Amino acid sequence: MDTYCSDCKRNTEVVFDHAAGDTVCSECGLVLESRSIDETSEWRTFADESGGDDPNRVGGPVNPLLADAGLSTVISKGPNGSNGDGSLARLQNRGGDPDRAIVLAFKAIATMADRLSLVSTIRDRASEIYKRLEDQKCTRGRSLDALVAACIYIACRQESKPRTVKEICSIANGASKKEIGRAKEFIVKQLKVEMGESMEMGTIHAGDYLRRFCSNLGMNHEEIKVVQETVQKAEEFDIRRSPISIAAAIIYMVTQLSDSKKPVLRADISMATTVAEGTIKNAYKDLYPHASKIIPEWYVKDKDLKNLCSPKA
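Residues numbered from 1 in each chain as written. Predicted model: local features only at pLDDT ≥ 70, side-chain atom pairs only at ≥ 80, totals over all residues. Heavy atoms only, no water.

**Thoughts on the overall build of the chain**
When helices and strands are counted, the chain shows 14 helices and four strands. Of all 313 residues assigned to the chain, the portion counted as buried reaches 36%. For the chain, the share of sequence-separated contacts (at least 6 apart) that also reach a separation of at least 24 residues comes to 60%. For the chain, the computed accessible surface area is about 19700 Å², with 48% contributed by carbon and sulfur atoms. (Helix = DSSP H or I, 4+ residues; strand = E, 2+ residues; numbered from the N terminus. Buried < 20%, exposed > 50% of the residue type's maximum accessible area, 1.4 Å probe, protein only. Contact = heavy atoms within 4.5 Å. Areas by Shrake-Rupley, 256 points an atom, 1.4 Å probe, with all protein chains shown as cover.)

Structure, rendered in structure tokens:
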């Protein structure tokens, strides 16, 4: 690495003295910088590979939702699982950990969020919702998995990245749709007074799911654009179906007009959208009479709507 030396009047190669924290010119020996801070790691660690302890002296990130911000000290265990200082360990255990339950909940939220590939803002929002529940001391006796899953469902809705209940249920460690639904209603009821408008989850639209569903099916950019415009026009009609059912049925409708050599079956759409085939068929039956009005004209003129299968099929 070259640095300008005021004595040599030019850029020269420098030597780092890590022990003293000095940066020294290799040609004239002038100390260019003294007592510099080394921000690299103290040592290399191969604890994960060797099975030994990690010698790093840093803990987890600061968490403002915990009473001690996540900076508490835990007395570690010595060799063979024994405590290094038995008396100190007993004193610590006697005092208990007031944040133990909420830390477990935060870990469960992080694990479930990772399984759904959710962004950190949704995970943090879910943790905040659970912390407010814990502050009201109303979580005792209730299923942790159901409460955590419901917090994630609400957080997704509030961040305009909704997930279906089936998707949430798939990562909820055995919690059923009914349990998650009840937990969601309980959370909304408990926090409605405290949080007011911030607990509003907004209305779900079919378009909220499209990008993810189309991506799961490997649809190209043009097909995704057609599906999005079709969903927007479909909202002008009184289609009394759930948003996710409408999204799945429109995807089914557009894929029938696609030039793709590999046809997309209704079973494939059902798997990608978590909507039953029968439900897709019924929603498609309601949308079929409006096909010429909801599918964009720029796409229809190159296609033949007669290729759409009859809803009775």
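**A look at the packing of aromatic side chains**
Inspection of the entire model under this criterion finds four aromatic pairs. Both rings, one in Tyr-209 and one in Phe-213, keep their centres 5.6 Å apart while their planes meet at 5°; by these two values the pair is stacked. Of the two residues, Tyr-209 and Phe-213 are both situated in helix H8 (residues 207–216); the distance of four residues between them amounts to about one turn of the helix. Both residues of the pair, Tyr-209 and Phe-213, count as buried. On the numbers, 5.9 Å between centres and 55° between planes, the contact of Tyr-284 with Tyr-288 is tilted. The exposure class assigned to Tyr-288 is partly exposed, which follows from its relative accessible area of 30%. Taken together, the aromatic side chains of Tyr-252, Tyr-284 and Tyr-288 make up a single cluster linked through ring pairs. Of note, Lys-225 hangs over the ring of Trp-298, and the distance from its end group to the ring centre comes to 5.3 Å. (Phe/Tyr/Trp six-rings, centres within 6.5 Å; stacked < 30°, edge-to-face > 60°. Lys NZ or Arg CZ within 6 Å of the ring centre and 35° of its normal.)

**Section: helix H12 (residues 277–287)**
Every buried residue of H12 is listed here: Ile-280, Ala-283, Tyr-284 and Leu-287. Along H12, the residues classed as buried sweep out an arc of 105° about the axis, all on the same side. Where H12 is buried, its residues meet helix H9 (221–234), helix H10 (243–257), helix H11 (266–273) and helix H13 (291–294). (Arc of directions from axis to C-beta.)

**Thoughts on the sheet that holds strand E3 (residues 22–25)**
As a general point, the strands of a sheet are linked pairwise by backbone hydrogen bonds and lie either parallel or antiparallel. The strand order E1-E2-E3-E4 describes an open sheet built from four strands, whose pairing is antiparallel. On the outer flanks of this sheet lie strand E1 (2–5) and strand E4 (31–33), each paired with one strand and no other. Strand-to-strand, the axes of this sheet are offset by a mean angle of 50°, without reference to chain direction. As paired elements, strand E2 (residues 10–17) and E3 share four bridges and run antiparallel to each other. (Pairing = 2+ DSSP bridges. Axes fitted to C-alpha atoms, helices over the stretch in contact; angles between N-to-C directions.)

**Remarks on the environment of Lys-285**
Mapped onto the secondary structure, Lys-285 falls in helix H12. Taking relative accessible area as the criterion, Lys-285 reaches 52% and is therefore assigned exposed. Separated by 27 residues in sequence, Lys-285 and Lys-312 have C-alpha atoms that sit 7.8 Å apart.

**Regarding unusual backbone geometry**
You will see that Ser-160, though not glycine, has its phi angle at about 60°, which is positive. Relative to the elements of secondary structure, Ser-160 occurs in the loop between helix H5 (144–158) and helix H6 (165–170). With a phi close to 55°, Asn-173 is a non-glycine residue in the positive phi region.

**Side note on the nonpolar core**
Membership of the largest hydrophobic core comes to 76 residues, with the highest contact counts inside it found for Ile-152, Ile-187, Val-227, Ile-251 and Leu-287. Here Ile-152 is in contact with Ile-109, Met-112, Ala-113, Leu-118, Ala-126 and Ile-168, once residues within four sequence places are set aside. (Core = buried A, V, L, I, M, F, W, Y, C linked by side-chain atoms within 4.5 Å.)

**Concerning the environment of Glu-167**
Examined against the element boundaries, Glu-167 turns out to sit in helix H6. Each C-alpha atom of the pair Glu-167 and Thr-273 lies 9.1 Å from the other, and the pair is 106 residues apart in sequence. Each residue touching Glu-167, except ones within four places of it in the same chain, is listed here: Leu-116, Arg-212 and Thr-274. A distance of 2.8 Å separates the side chain of Glu-167 from the side chain of Arg-212, its partner in a polar contact. (Polar contact = N/O pair within 3.5 Å; in protein donor to acceptor, adjacent residues only side chain to side chain.)

**So, the state of the cysteines**
On inspection of all chains with the given rule, the structure shows zero disulfides. Cysteine Cys-138 remains unbridged, with the sulfur of Cys-151 as its closest cysteine sulfur at 9.9 Å. (Disulfide = S-S within 2.5 Å.)

**Considering the pattern of salt bridges**
When the charged atoms of two side chains lie near each other, side chains of opposite charge can form a pair. Counted by the stated rule, this structure contains eight salt bridges. A salt bridge links Arg-132 to Glu-128; the shortest N-O distance between them is 3.4 Å. Here Arg-132 and its partner Glu-128 are both found in helix H4 (residues 120–135), four residues apart, which amounts to about one turn of the helix. Residue Glu-185 is joined to Lys-184 by a salt bridge in which the shortest nitrogen-to-oxygen separation is 3.3 Å. Look at Lys-184 and you get buried, because its relative accessible area is 17%. One connected set of salt bridges, linked through shared partners, spans Arg-125, Glu-128 and Arg-132. (Salt bridge = Lys/Arg side-chain N within 4 Å of Asp/Glu carboxyl O.)

Just distances and angles here, no functional claims.
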